[in-house]
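# Observations on the model geometry
Listed here are the chains, written in short residue letters.
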Amino acid sequence: METKNIMIVGVGGQGTLLTSRILGGIMLDAGYDVKLSEVHGMAQRGGSVVTFVRYGDKVAEPIVEEGQADVLIAFERLEALRYAHFLKKDGVLVVNDWRIDPITVVTGAAAYPENIIETLKEQHTVYAIDAMTEAKKLGNSRTFNIIVLGMAAGHMDFTKEDWLKVIERTVPPKTVEINKKAFLLGFEGQDQDLNK
């Protein structure tokens, strides 16, 4: 199998690392060679965080080049816009329709762009979900990243059961059930519009 490239982008404190651990786990279970790399690791809250996950029969290096990502998972709208050029022409962008102002916007040095999702849809296949609102409905706002992962999982070659097994052993034991619910909400929700 040729190497597949997944990118996770977000802001420090959004659960990027946990998400990449779940992705790495499912790929290792399937017998693939896996390389993980956190690149712009300003992981303090508010800083941009980018994680590359590559898997295949033999993966040479952990970095994904521009224009090579099969799936781009974005936990925030502006981060999706910032890294969309990494997507392949037929790649899929799964974005949490959520706004976190970077320091340049907070200080007034820059404006937060309008209509980001619409702009992205002009050039890319985009699946957007307001995962934070959905996570709050589930009773735990911290599961929003697992909802987004669930939506992205529908665009990868692993079964729902495989994903749930990896989630079960990767997330903290007390949060297994809520994380499974969150994953299924995203996984099964991609056929419906959850942003009504």
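Residues numbered from 1 in each chain as written. Predicted model: local features only at pLDDT ≥ 70, side-chain atom pairs only at ≥ 80, totals over all residues. Heavy atoms only, no water.

Attention now moves to the side chain of Asn145. Secondary-structure assignment places Asn145 in helix H6 (residues 144–153). A distance of 3.2 Å separates polar atoms of two side chains, one belonging to Asn145 and the other to Thr19. In contact with Asn145, other than residues within four places in its own chain, are Gln14, Gly15, Leu18, Thr19 and Phe75. (Helix = DSSP H or I, 4+ residues; strand = E, 2+ residues; numbered from the N terminus. Polar contact = N/O pair within 3.5 Å; in protein donor to acceptor, adjacent residues only side chain to side chain. Contact = heavy atoms within 4.5 Å.)

Right, let's get into the packing of aromatic side chains. Overall, the coordinates contain 9 aromatic pairs when judged by the stated rule. With a centroid separation of 6.1 Å and 45 degrees between ring planes, the pair formed by Tyr83 and Phe86 is classed as tilted. Using a relative accessible area of 9% as the deciding quantity, one classes Tyr83 as buried. Three or more aromatic residues joined by ring pairs make a cluster, and in this case those are Tyr32, Tyr55, Phe158, Trp163, Phe183 and Phe187. One Lys or Arg, Arg99, reaches over the ring of Tyr112 and ends 4.1 Å from the middle of that ring. (Phe/Tyr/Trp six-rings, centres within 6.5 Å; stacked < 30°, edge-to-face > 60°. Buried < 20%, exposed > 50% of the residue type's maximum accessible area, 1.4 Å probe, protein only. Lys NZ or Arg CZ within 6 Å of the ring centre and 35° of its normal.)

The strand order S2-S3-S1-S4-S5-S6 describes an open sheet built from 6 strands, whose pairing is mixed. Two strands in the sheet have a free side with no partner beyond their single neighbour: strand S2 (33–38) and strand S6 (125–129). Averaged over all neighbouring strand pairs, the angle between strand axes comes to 15 degrees, with direction disregarded. As paired elements, strand S5 (residues 87–96) and S6 share 5 bridges and run parallel to each other. Bridging across to S6, Leu93 finds its partner in Val126. Running over the sheet, helix H1 (residues 16–29) touches strand S1 (4–11), S2, strand S3 (48–56) and strand S4 (69–74) and is turned about 0 degrees from S3. (Pairing = 2+ DSSP bridges. Axes fitted to C-alpha atoms, helices over the stretch in contact; angles between N-to-C directions.)

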